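Listed below, chain by chain, are the residues.
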Amino acid sequence: MALALTDLDVRRHRRSRGDLAEYFERAGQRGLVVGWLYLLVVAVVVVLGVSGVLARGRVAHSFAFHPGLQDALNKIDNILAVAGAVLVLATLVVVGLVKVAGSRRPRIAQIDSWSSREFTDLGKRRRSALRGVLVTVFAGGIPVVASAGVCLAVLTTAIGTEVSSGPNRPIVAALDRLAPGSEMVVGYSYAMPMVEDAVSLPLVSRIEAVASGRGVTSHVLRLDLGSLRRGRQQFDILGVGVSEPAGSPLAWSPSEGCGSVPVGVDRAAGIAAGTAVLIDGSPARVVAVMSGLSATNRIGVVMDQAAMASCLGQDPSAPVQAVVLDTTAVAAGSILAAAQPGGEPAVVVSRARYLANSEKFWTSNVKPITNILALVSGLVALIAMAGAVNWRLLRNRREYASKIAAGVSVGILRSTELLRAAKDGLVASIIGTTLALVVVPLTNMTEPGFDAGVSEKDVLVGCAVGLIGCLGGALLRTARLDRSVDVAESTRI
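(A) Here's a closer look at the overall build of the protein chain. The helix and strand tally for the protein chain stands at 18 helices and 10 strands. Looking at the protein chain as a whole, 42% of its 493 residues qualify as buried. In the protein chain, of all internal contacts separated by at least 6 residues, the share reaching a separation of at least 24 is 78%. Accessible surface, the protein chain as shown: approximately 26100 Å² in total, 62% of it carbon and sulfur.

What follows is the structure, encoded as structure tokens:
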């Protein structure tokens with residue numbers, strides 16, 4: 001029994017066996033009460049779960065929307081990317097200068113050496129080639145939690161980038177390949193693919209006539225956010241309707257009817273040419289397999305705009321999304337003015353403005369959430385590294401105390417820990433980014449049309465998280481290094 005006591009327990013109850021018996025009796029009574037409390041909690045949880053109370057419960061609180069907060073969160077990844085670029089360069093310069101200066105100054109060489117190894121002897125271990133490189137170049141180890149924080153930051157930033165800019169990919173591809181032009185006539189200046197637009201068909205016809213008379217190429221653009229079904233398989237689609245020239249496999253005329261509309265489908269759906277499908281319940285046949293026309297959870301489908309209006313919308317005179325004009329902004333404005341003598345609602349916007357409206361919509365949808373996750377990953381790295389430094393101080397307190405007693409300044413020891421943190425931050429950035437290069441592409445298997453990748457900006461955000469976490473954690477724990485190490489107590493023999 002005595003072996004189960006701590007030193008403090010033994011000192012408190014060393015006086016007599018009666019004291020020890022009383023101690024165990026009180027401990028047993030407390031344990032009995034706590035044990036019954038555990039069992040009571042289990043019983044309450046089981047009763048609430050069986051009765052369905054837990055399933056109906058939900059803790060939530062609604063707050064008013066704050067645009068300023070959303071804008072601030074949307075900018076966090078940009079700020080972190082800049083911070084990452086500065087920190088990476090600064091850290092590489094500092095570590096490089098320390099190693100170069102160490103070749104001439106023994107004190108700096110000592111700091112570099114101390115920052116790459118443990119003061120306490122943790123037992124003899126076979127030194128592998130990898131560990132030799134880590135000791136020579138970095139801090140001798142791998143900061144696992146900080147590396148995971150970097151990986152999470154890169155992952156969330158990459159996903160946020162894909163969700164915010166990915167929906168524009170099929171629109172860009174459609175405008176580049178199917179309806180080229182730099183100016184667009186739309187219903188209003190904030191038009192974008194995810195909202196209904198209305199340029200009336202009579203106005204479209206007049207715009208096409210005026211443009212043709214002036215030698216300007218025009219293209220009608222319709223969009224359909226519908227569904228495609230093949231057997232039991234169903235996809236949400238982004239349908240793009242364009243004016244197809246005669247002779248094109250996708251060309252359609254009203255005389256053909258809606259029994260089998262020719263369509264092109266993005267290869268992300270895995271549907272071969274010649275397959276019969278249903279689009280918004282209307283029969284269609286796949287005559288072309290395309291690429292680059294899908295976005296997150298939406299498979300790209302291309303068809304003749306007249307077929308889209310007549311067969312999918314059941315209204316041949318339905319308004320269109322836009323008329324794309326391959327000309328300058330001034331010429332496009334002149335064409336629209338000549339085509340709308342009655343003042344029908346329509347404006348000319350640049351293609352860049354149209355795409356920017358779309359990206360702003362998706363950025364507001366997801367960026368605040370993914371940027372919060374990036375901040376959380378940075379906080380995790382910060383706490384993890386603060387804990388690692390604290391544990392190292394406790395583990396090496398005798399060695400720190402002996403060095404302080406021998407005349408080594410606290411500033412030297414603090415510099416040692418900060419240099420170690422800088423090296424750990426570089427290792428975490430390298431390993432976390434490498435892991436993200438594997439993990440991020442795997443997310444593309446979770447949704448059709450999802451195409452996340454790792455960009456330079458994503459990597460810099462991850463580096464910012466790793467370096468801020470490591471350096472911040474070290475600063476928190478070494479700010480009062482002289483108070484953390486009790487020299488008199490730790491050097492007592």
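After that view, the rundown keeps rolling.
(B) Representation of the pattern of salt bridges. For the coordinates displayed, the defined rule picks out four salt bridges. Measuring nitrogen to oxygen at the nearest pair gives 3.0 Å for the salt bridge that ties Lys457 to Asp77. Here the residue Lys457 occupies a position in helix α16 (residues 456-478), and Asp77 occupies one in helix α5 (residues 76-102), the gap between them amounting to 380 residues. Under the relative-accessibility criterion, Asp77 is labelled buried at 1%. Asp176 serves as the salt-bridge partner of Arg351, at 2.7 Å between the closest nitrogen and oxygen. Remark: Asp176 occurs in helix α9 (residues 168-177) and Arg351 occurs in helix α13 (residues 351-395); sequence separation between them is 175 residues. On the basis of relative accessible area, Asp176 is assigned to the partly exposed category, the value being 43%.

(C) Inspection of the state of the cysteines at higher detail. Scanning the entire structure with this criterion turns up one disulfide. Through a disulfide, Cys258 is tied to Cys311; the S-S separation comes to 2.0 Å. Residues Cys258 and Cys311 share a disulfide whose torsion about the S-S bond is about -80°; that sign makes it left-handed. Taken together, the residues Cys258 in the loop between β4 (233-242) and β5 (261-266) and Cys311 in helix α11 (residues 305-312) connect sequence positions 53 residues apart. For Cys258, a relative accessible area of 31% gives the class partly exposed.

(D) A look at the packing of aromatic side chains. Taken as a whole, this structure holds one aromatic pair when the rule is applied. Note on Phe361 and Trp362: the rings are 5.2 Å apart at their centroids and 85° apart in plane angle, and the pair reads as edge-to-face.

(E) How the structure looks around the pairing of strand β3 (residues 227-230). As judged from the four bridges shared by β3 and β4, these two strands associate in the antiparallel manner. From the neighbouring strand, Arg230 faces β4, where its bridge partner is Gln233. As consecutive antiparallel partners, β3 and β4 are separated by two residues, and within that stretch Gly231 has a phi angle of approximately 60°, a positive value. Pairing of β3 with strand β6 (residues 276-279), which is carried by two bridges, proceeds in the antiparallel orientation. Its bridge partner lying in β6, Leu228 is registered against Ile279.

(F) Highlighting the side chain of Glu162. Assignment of secondary structure puts Glu162 in helix α8 (residues 144-165). If we ignore the near neighbours within four places in the chain, the residues touching Glu162 are Pro167, Arg169, Thr296, Gly449, Phe450, Asp451 and Ala452.

(G) Fine view of the nonpolar core. Formed by 33 residues in total, the largest nonpolar core has its most connected members in Val95, Ala146, Leu413, Leu419, Ala436, Val440 and Cys470. In terms of residue count, helix α15 (residues 410-442) provides more of this core than any other element does, nine residues in total. Grouped together as the second largest cluster of nonpolar side chains are 23 residues, Met184, Val186, Ala191 and Leu223 included.

(H) Unusual backbone geometry, seen in detail. Unlike most non-glycine residues, Asp280 shows phi in positive territory, near 55°. We classify Asp280 as partly exposed; its relative accessible area is 30%. Although it is not a glycine, Gln314 adopts a positive phi angle of roughly 55°. Overall, Gln314 belongs to the exposed group, its relative accessible area being 61%.

(I) Highlighting helix α10 (residues 201-213). For α10, built from 13 residues, the straight-helix expectation of 18 Å at 1.5 Å per residue is met to within 8% by its first-to-last C-alpha distance of 18 Å. If you check which residues of α10 are buried, you get Leu203, Val204, Ile207, Val210 and Ala211. Along the axis of α10, the buried positions cluster into a sector of 130°, meaning they face one direction only. Facing away from the buried side of α10, by more than 90 degrees, are the exposed residues Pro202, Ala209, Ser212 and Gly213. Tucked inside the fold, the buried residues of α10 contact β1 (183-186), β2 (218-224), β9 (322-325) and α12 (329-339).

(J) View of the pairing of β9. In β9, alternate side chains face the same way, and those of Ala322 and Val324 on one face and Val323 and Leu325 on the other are all buried. Of the strand pairs in this sheet, β1 and β9 are connected by three bridges, and their pairing is antiparallel. Of the residues in β9, the one forming a bridge with Met184 is Val324. Note that β2 and β9 share four bridges and pair antiparallel. Bridge pairing in β9 places Leu221 opposite Ala322.

(K) Structural view of the packing of α8 against α13. Between α8 and α13, whose axes approach to 8 Å, the crossing angle comes to 175°. Taken together, the axis directions place α8 and α13 in an arrangement best described as roughly antiparallel. For the contact of α8 with α13, a count of residues per class yields 13 nonpolar, 10 polar and two charged.

Conventions and cut-offs
- Residues numbered from 1 in each chain as written.
- Predicted model: local features only at pLDDT ≥ 70, side-chain atom pairs only at ≥ 80, totals over all residues.
- Heavy atoms only, no water.
- Helix = DSSP H or I, 4+ residues; strand = E, 2+ residues; numbered from the N terminus.
- Buried < 20%, exposed > 50% of the residue type's maximum accessible area, 1.4 Å probe, protein only.
- Contact = heavy atoms within 4.5 Å.
- Areas by Shrake-Rupley, 256 points an atom, 1.4 Å probe, with all protein chains shown as cover.
- Salt bridge = Lys/Arg side-chain N within 4 Å of Asp/Glu carboxyl O.
- Disulfide = S-S within 2.5 Å.
- Phe/Tyr/Trp six-rings, centres within 6.5 Å; stacked < 30°, edge-to-face > 60°.
- Pairing = 2+ DSSP bridges.
- Core = buried A, V, L, I, M, F, W, Y, C linked by side-chain atoms within 4.5 Å.
- Expected span 1.5 Å × (residues − 1).
- Arc of directions from axis to C-beta.
- Axes fitted to C-alpha atoms, helices over the stretch in contact; angles between N-to-C directions.
- Parallel < 35°, antiparallel > 145°, perpendicular 65-115°, else oblique.
- Nonpolar A, V, L, I, M, F, W, Y, C, P; charged D, E, K, R; others polar.

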